Amino acid sequence: MKPVVWLALLAAAAQAQTGAALKDAFQGIFRIGVAVNPSQFEERDQRGDPIISAQFNSISPENVLKWEVVHPRADAYDFDPGDRYVAFGEKNKMFIIGHCLVWHSQVPRWVFQDEKGLPLTRDALLERMHDHIRRVVGRYKGRIGGWDVVNEALNEDGSLRKSPWYNIIGEDYLVKAFQFAHEADPKAELYYNDYSLENEPKRKGALELIRKLKAAGIPVAAVGLQGHDTLDWPTAQQQSDTIEAFAALGIKVNITELDIDVLPRTQAGNSADVAAVAAASGRGPNPYVHGLPDEVQQALAKKYAELFAVFVAHRASITRVTFWGVTDGDSWLNRGRANYPLLFDRQGKPKPAFDAVIKTAGGK
């Protein structure tokens, strides 16, 4: 049997198992996306692939378009994984997201250094950024519909993170990154993406950042609220206030990396900073090794229903909601502890949270 036929049959079976599809339930409201890994976009994941094709109409790459993967050495680009990712999205007629062009993490050290290992000058780093964005965005011009241009440029207090980009180029590295991306593909949507923007200090910083980008003539299409949430954060009011604040600036809102951590927190606050999460990996209690108790399962469903009720109420402002992983087993939150943050369990079966989300679509 041809792989395409096999995958179509599995997708039909996956949809029959749920009795509904997320992308169909929210048709006309907003896109429903998912982050995919290589085993999935190479169609080797017999559990995940049928769910992806049956349930979602947008994809984001977990890692293959980040600098360390696509541009590992100064003299070498590796577009093979990215090409296969984009081809998978096109084959499944999905809205394809590029993630991400400029970030402080998962960037090789050489990017900020000259041939002697010394820090680059401002002009040299701008040239290197320009070349990278021109090559990567240009390669997928007209195929990738939207790019996370700058990722996580803010501290928790709303100030700009003192990353190597900031330290060498200055504050205008953000404007330059967006200008370069727009130049490489004028029709692609451009996004600023960050976590914890539901917290007021960081939200204020992001609002000011968007204002500055717009004042510089940057066509920012949307802000990405990552949505790495917990059972008690953000509140429905925080979520609503955040969406409305950005919509008031005349831009759309994407929920870009949605998951809900059900485990006891091992760090202060609600940060999704990768370094902080990695440092806390394996620490703290691991209470659900043998499965998620029903009361927690129901709490997860209730939280998802609460969030999606807010999203649907703001449907005029939201264009996409993307989950960061297909099944619980795919989640980045499984770092030394068993977590259950998504709508499908480790066997690929829909959880109570799936039904709770579907119900929020109502009669549209």
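Here's what I pulled together on the structure shown here. (Residues numbered from 1 in each chain as written. Predicted model: local features only at pLDDT ≥ 70, side-chain atom pairs only at ≥ 80, totals over all residues. Heavy atoms only, no water.)

**Focus on the packing of helix α10 (residues 200–215) against helix α11 (residues 236–247)**
Link 1 in the chain: Their axes nearest at 10 Å, the elements α10 and α11 cross at an angle of 15 degrees. The angle between the axes of α10 and α11 places the two elements in the roughly parallel class. α10 and α11 meet at a crossing whose hand is right-handed. Within the contact between the two elements, α10 uses Arg203, Ala206, Leu207 and Ile210 and α11 uses Gln238, Asp241, Thr242, Ala245 and Phe246. (Axes fitted to C-alpha atoms, helices over the stretch in contact; angles between N-to-C directions. Helix = DSSP H or I, 4+ residues; strand = E, 2+ residues; numbered from the N terminus. Parallel < 35°, antiparallel > 145°, perpendicular 65-115°, else oblique. Left-handed = near helix turned anticlockwise from the far one by under 90°. Contact = heavy atoms within 4.5 Å.)

**Remarks on the pattern of salt bridges**
Link 1 in the chain: All chains considered together, the criterion is met by 17 salt bridges.
Link 2 in the chain: Lys204 is the salt-bridge partner of Glu200, the closest N and O atoms lying 3.4 Å from each other. Of this pair, Glu200 and Lys204 both sit in helix α10, four residues apart, which is roughly one turn of the helix.
Link 3 in the chain: Accessibility expressed as a relative area gives 52% for Lys204, which makes it exposed.
Link 4 in the chain: Here Lys303 ties to Glu306 by a salt bridge, and the two come within 2.8 Å at their closest N and O atoms. In this pair, Lys303 and Glu306 both sit in helix α13 (residues 294–313), three residues apart, roughly one turn of the helix.
Link 5 in the chain: Looking at Lys303, the relative accessible area reads 5%, which means it is buried.
Link 6 in the chain: What you see here is one network of salt bridges that share partners, running through Glu42, Arg44, Asp80 and Arg84. (Salt bridge = Lys/Arg side-chain N within 4 Å of Asp/Glu carboxyl O. Buried < 20%, exposed > 50% of the residue type's maximum accessible area, 1.4 Å probe, protein only.)

Nothing here speaks to function; it is geometry throughout.
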